[in-house]
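If you want the building blocks of each chain, they are given just below.
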Amino acid sequence: MNSTTFKREWFSNVRQDLMAGAVVGLALIPEAIAFSIIAGVDPKVGLYASFIIAVMTAFLGGRPGSISAATGAMALLMVDLVSDHGLEYLLAATFLTGIFQVLFGIFKLGRQMKYVPRSVMIGYINALAVLIFLAQLPQLTNVPPTVYVLTLLSLAIIYILPRFTKAVPSPLVALAVMTIAAIALRLDIPTVGDMGELPTTPPLFALPQVPFTLETLQIILPYSLTLAIVGLLASFLTASLVDELTDTPSDKNQEAKGQGLANIVTAFFGGMAGCGMIGQSVINVQSGGRGRLSTLAAGIFLLCAILFLQDWVRQMPMAALVAVMIMVSIGTFRWSSIKNVRRIPRTETAVMLTTMGVTIVTSNFALGVAIGIIMSTVLFSRKIAQLVFVDKILLDDGAHRVYKVSGQIFFLSRDEFLGAFNFTELVEQVTIDLTYAHLWDQGAVEALERAVQKFRRNGADVSLVGLNEASAHLLDQLTENQEIIAAKK
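Residues numbered from 1 in each chain as written. Predicted model: local features only at pLDDT ≥ 70, side-chain atom pairs only at ≥ 80, totals over all residues. Heavy atoms only, no water.

Asks: Tell me about the pattern of salt bridges, and name the residues and values.
Replies: Evaluation of the coordinates by the stated rule reveals 11 salt bridges. Between E244 and R334 there is a salt bridge; the shortest N-O distance is 3.3 Å. Pair noted here: E244 is in helix α9 (residues 214–246) and R334 is in the loop between α14 (318–332) and α15 (336–339), with a separation of 90 residues, a long-range link. With a relative accessible area of 39%, E244 lands in the partly exposed category. Residue class for R334 comes out buried when judged on its relative accessible area of 16%. (Salt bridge = Lys/Arg side-chain N within 4 Å of Asp/Glu carboxyl O. Helix = DSSP H or I, 4+ residues; strand = E, 2+ residues; numbered from the N terminus. Buried < 20%, exposed > 50% of the residue type's maximum accessible area, 1.4 Å probe, protein only.)

Now the structure itself:
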């Protein structure tokens, strides 16, 4: 990293980065506690993880301004491991997760992100926005009317204050004002302290207390591999969203290595595996955070808040944090995907809605994205299969038919390819010109073999011309049919 890049990523936006980091640090506290409860571990496990991962990725991540910490998507994958084997095996699995992610980064698997269609990404992001909103509903159910008033007042501050000044992030103002009001008025409302006990000491180094045996590896390996893949998918999508919001690039392979190293370190300090957080990253960007300093500030402010500002943090109204998360939900949702639905191809809309629906119903981001990618691939393949064109030319003597084929020939387009030929026509010579076509697989070779065989059964002499090098090589590899070999020119 040269000095220009270092200054840009760390010190080009100091004031806004520090303030945005403070907002994110406060918002991370109840989330980290909630995710720890989901995973079945003590709240300090999620809080320590959020601090360490945020600090590590600030230095080693590939996306300045992105926030990584303990997440719900990862917590859901840990439930069975914790319930069956306990916390120490979770720490060992977290270490192995980090190893996998570092290897993914070294082998540059981050570049595979380009194969995730935009419709799948939008569906994922929209599903996350909906799930963030739905996650706030328990905090708004069976609560005193005062909670609704504080939530609405917090939202008013968040959205109205920026019209007058952006000197201080409006979510930070909302959190401060509502906390002061709740303390001063002695309001009996749910607070952060009700979510769980906050730790009183910083994280301490310790090795996971598990036997170093093959049996241990067999237990943690499936969980670690799943956590590594889901974590990188979430981190890459988070990085891509921040890329879009800030109009700046990211290094996905460095992000993979940074996430992996962060998980390795957090395993030795009693933390659970984490990954990129779209919601918190949106808070950071919308609060003015752009550089690595904002991520570092979020982690440090989180630790300082739980260690030195415990009394104040415990009394922070959940209503104010709910308002911040509702803001995140609204800001995360890609409203253009609804507004422009008539202009977007129906297949892309179907993929987006399917990804969104599966993710919301199952709360499984990996499953939703996987189904979206599969559906998008199938629909795209069907579309490409229909783009096979065959021009038919009968030469002057009336005995020689030329078929000029253009398009992609593969297993899905074989029927369109074969359907374009008139095998019953009485001609002496047939030329199949493949200059503007490409053979992709065994299905394409088999379709070509059938075409040649049918023409020859009807007495026509068949010639294949125009095969490009890759198609000719595929044909040589996959066919032993002497008729095909003889027809090649």
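Still to come is the rest of the account.
Asks: So, the pairing of strand β3 (residues 389–394): which residues are in play, and what are the values?
Replies: Relative to strand β4 (residues 400–409), β3 runs antiparallel, the two sharing 6 bridges. Residue pairing in the sheet places V390 in a bridge with V405 of β4. Two successive antiparallel strands, β3 and β4, enclose a turn made up of 5 residues, where G398 displays a positive phi of approximately 75°. (Pairing = 2+ DSSP bridges.)

Asks: Could you give me a rundown of the environment of R334, with the residues and numbers involved?
Replies: Taking the C-alpha atoms as reference points, R334 and A75, separated by 259 residues in sequence, lie 25 Å from one another. Once residues lying within four places of it in the same chain are set aside, the contact partners of R334 are I122, I125, N126, L241, E244 and L245. A polar contact of 3.3 Å, which involves the side chain of R334, links it to the side chain of E244. (Contact = heavy atoms within 4.5 Å. Polar contact = N/O pair within 3.5 Å; in protein donor to acceptor, adjacent residues only side chain to side chain.)

Asks: I'd like a description of the environment of F421, backed by residues and values.
Replies: Note that F421 resides in the loop between α18 (414–419) and β5 (429–439). When its relative accessible area of 7% is taken as the criterion, F421 is described as buried. Separated by 206 residues in sequence, F421 and E215 place their C-alpha atoms 61 Å apart. Apart from the residues lying within four places of it in its own chain, the contact partners of F421 are Y403, V405, I432, A451 and F455.

Asks: Explain the layout of surface pockets residue by residue, including any values.
Replies: If you add up the space inside the largest pocket, you get close to 760 Å³. For the lining of the largest pocket, the secondary structure elements donating two or more residues are α2 (14–39), α4 (72–85), α6 (118–136), α9, α11 (278–286) and α14. Here the element with the most residues in the lining of the largest pocket is α6; it accounts for 7 residues. Grouping the amino acids of the lining of the largest pocket by side-chain chemistry returns 22 nonpolar, 9 polar and 1 charged. Surrounding the second largest pocket, 16 residues form its lining, Q112, V116, I229, L233 and F236 being those nearest its centre. Of all the elements in the fold, those that place two or more residues in the lining of the second largest pocket are α9 and α17 (365–385). With 5 residues, α9 is the single largest residue contributor to the lining of the second largest pocket. Tallied by class, residues from the lining of the second largest pocket come to 14 nonpolar, 2 polar and no charged. (1 Å grid on protein atoms, 1.4 Å probe; cavity = no way out; pocket = protein on both sides within 12 Å on 5 of 7 lines; lining within 4 Å. Points joined across faces, edges and corners; volume = space filled by probe spheres on them. Nonpolar A, V, L, I, M, F, W, Y, C, P; charged D, E, K, R; others polar.)

Asks: Summarise the packing of α9 against α11; cite the residues concerned and give the values.
Replies: When two helices pack together, their arrangement is given by the angle between their axes and by how far apart the axes lie. At a closest axis distance of 10 Å, the pairing of α9 and α11 adopts a crossing angle of 20°. Compared by their axis directions, α9 and α11 come out roughly parallel. Note on packing geometry: the crossing formed by α9 with α11 is right-handed. Here α9 contributes L237, T238, L241, V242, L245 and T246 to the contact with α11, which in turn contributes I278, S281, V282 and V285. Within the contact of α9 with α11, the residues separate by chemical class into 7 nonpolar, 3 polar and no charged. (Axes fitted to C-alpha atoms, helices over the stretch in contact; angles between N-to-C directions. Parallel < 35°, antiparallel > 145°, perpendicular 65-115°, else oblique. Left-handed = near helix turned anticlockwise from the far one by under 90°.)

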